[in-house]
Every structure is written in structure tokens, then in C-alpha cells.
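Here are the chains, one letter per residue:
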Amino acid sequence: MNKRLVILGAGGHGRAVADAALKMGYRTIVFLDDRAMGRCIGFPIAGPLDRAEALRDGKTDFVIALGDNRLRRRVAMGHDLPWARIVHPSAQISPFAELGAGTVVLAGAAVNVCARVGRHCIVNTGAVVEHDNVLEDFAQVAPRAALGGSVRVGALAQIGIGAVVKNNIAVGMGCVIGAGAVVVKSTEPGGVYVGVPAWRREKGAAV
């Protein structure tokens, strides 16, 4: 692969994205980050995030590697760039699934038949997005989380590590599902849900 990849964000998620990109065949990788300088896992950090437009040259792909869903949306809305889809080679993606621009699918994840994953989503390590799921833009499924069939995850929602969502459930926009929770009923937008079965905590509570 002759294209360069610019990764916006040089934190832990950025490093995981770079690892996946290398395995996809990218060889030239550059990071941008507002807080870090120097190098990240051997690749240069070429300046802050707002330098992205200056690196656009027709031969460069871009991806946002920021785990905060709202921050990822803010950065995406601030730039009109050729966003790459980064898919680790060990991920299992159905040929009948759809992945939006800027979406990242990491090692060992599965996106099954007729699933639709929106723009700038994260399907993290070992996560399962089953058949006919819909992940709206900027949603995130954390490592080892599992979504049953025909689940709809609203924009900006976050499914925590190891959480399970029963089939035919809707997770509301901006909702947070805590680590290890089991969701058996649809959730309200903006809520924080924890426990087995999942119940709603006060908005903003730690999960």
C-alpha cells in the first residue's frame, strides 16, 4: 500500500489503530496530537490536530483515533478529509456488512451479515456486532462486548467492556452501558446503565 496514513490522536487507541494499519499494509504513518510531541511507537508526531488539512495531498488517508465519542465527532465535523476505514486483518467482516468512513474495527472483532456501522465508529478488540445491527455515527463498542441480532446503537452511544445487549434492543443516543452490564430492555437517550440486568443510574455516574 503506497498511501500514507495520518492518525489524529497518539494515545493508546491511536497506537492500536497504527498496529492495525501496519497489518493492513500501510508503511508510512504519521500521528497528530495536541498533547504529545516527538514520536509514538516509532512514528513521528507531526504537530497538533489542526495541522491535518496541511497534510492533505491526494495520497494520504486520515483516521481519528480518539476514544471519546464526542471529541471524535467534534474533530470529524471540523475537517473535510478522506477518512480511511481501518480494519485489523484478524477481524471478521461479512461481505454483506457496511462500514462507514472513518470507522475502526480492531483485532478479533466480528461484524456479521447485514450489519450497518456508521461513520467514525469504533468496534474494539474482540467485540461482536451481530447480524442486522445498526451502529449510528460515532458509536463505540468496547472490547469483548457482544450485541445480539437486530440491535440498534444510537449515535455517540458507548457499550462498555464485556457488556451484553440482548437481541432486538435499542440503545439510545449518547447512552453509556457500563462494563459487564446485561441489557435486556431498550434504554433511554443519554442514560447510564449498569448491572445485571442493566438498570439506569444517575446521568454522569462513574461506570
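Residues numbered from 1 in each chain as written. Predicted model: local features only at pLDDT ≥ 70, side-chain atom pairs only at ≥ 80, totals over all residues. Heavy atoms only, no water.

A few points about the nonpolar core
In plain terms, the rule: By nonpolar core we mean a set of buried residues, namely Ala, Val, Leu, Ile, Met, Phe, Trp, Tyr and Cys, connected to one another through side-chain atoms within 4.5 Å. A simple rule labels every residue: compare its accessible area, found with a 1.4 Å probe on the protein chains alone, to the largest value its type can have, and call it buried under 20%, exposed over 50%, or partly exposed in between. Residues are treated as being in contact if the distance between any of their heavy atoms lies within 4.5 Å.
If you look at the biggest cluster of nonpolar residues, it comprises 30 residues, and the most contacted ones within it are Val111, Val123, Leu135, Leu147, Ile159 and Ile177. With sequence-adjacent residues up to four places away left out, Ile159 is seen in contact with Gln140, Val141, Ala142, Ala145, Leu147, Val153, Val165, Val171 and Ile177. Listed in part, the 19 residues of the second largest apolar core include Leu5, Ile7, Ala10 and Ala18.

Regarding unusual backbone geometry
Put simply, the test is: Numbering of helices and strands runs from the N terminus; a helix is a DSSP stretch of H or I covering at least four residues, while a strand is a stretch of E covering at least two.
Here the residue pair Val196 and Pro197 is connected by a cis peptide bond, since its omega of -10° sits within 30 degrees of zero. Its identity is not glycine, yet His120 carries a phi of approximately 55°, on the positive side. Structurally, His120 is set in the loop between β11 (116-117) and β12 (122-123). For His120, a relative accessible area of 2% corresponds to the buried category. One non-glycine residue with positive phi stands out, namely Asn168, at about 65°. Turning to its location among the elements, Asn168 is positioned in the loop between β19 (164-165) and β20 (170-171).

Observations concerning the pattern of salt bridges
Here is the rule we go by: A side-chain nitrogen of Lys or Arg and a carboxyl oxygen of Asp or Glu constitute a salt bridge if their distance falls within 4 Å.
The full count for this structure, using the stated rule, is 6 salt bridges. Residue Asp57 pairs with Arg4 through a salt bridge whose shortest N-O separation is 3.5 Å. In this pair, Asp57 is assigned in the loop between β4 (43-44) and β5 (60-64) and Arg4 in strand β1 (residues 4-8), connecting sequence segments 53 residues apart. For Glu136, the salt bridge identified is with Arg152, shortest N-O distance 2.9 Å. Of this pair, Glu136 sits in the loop between β14 (134-135) and β15 (140-141) while Arg152 sits in strand β17 (residues 152-153); the two residues are 16 residues apart in sequence, bridging distant segments of the chain.

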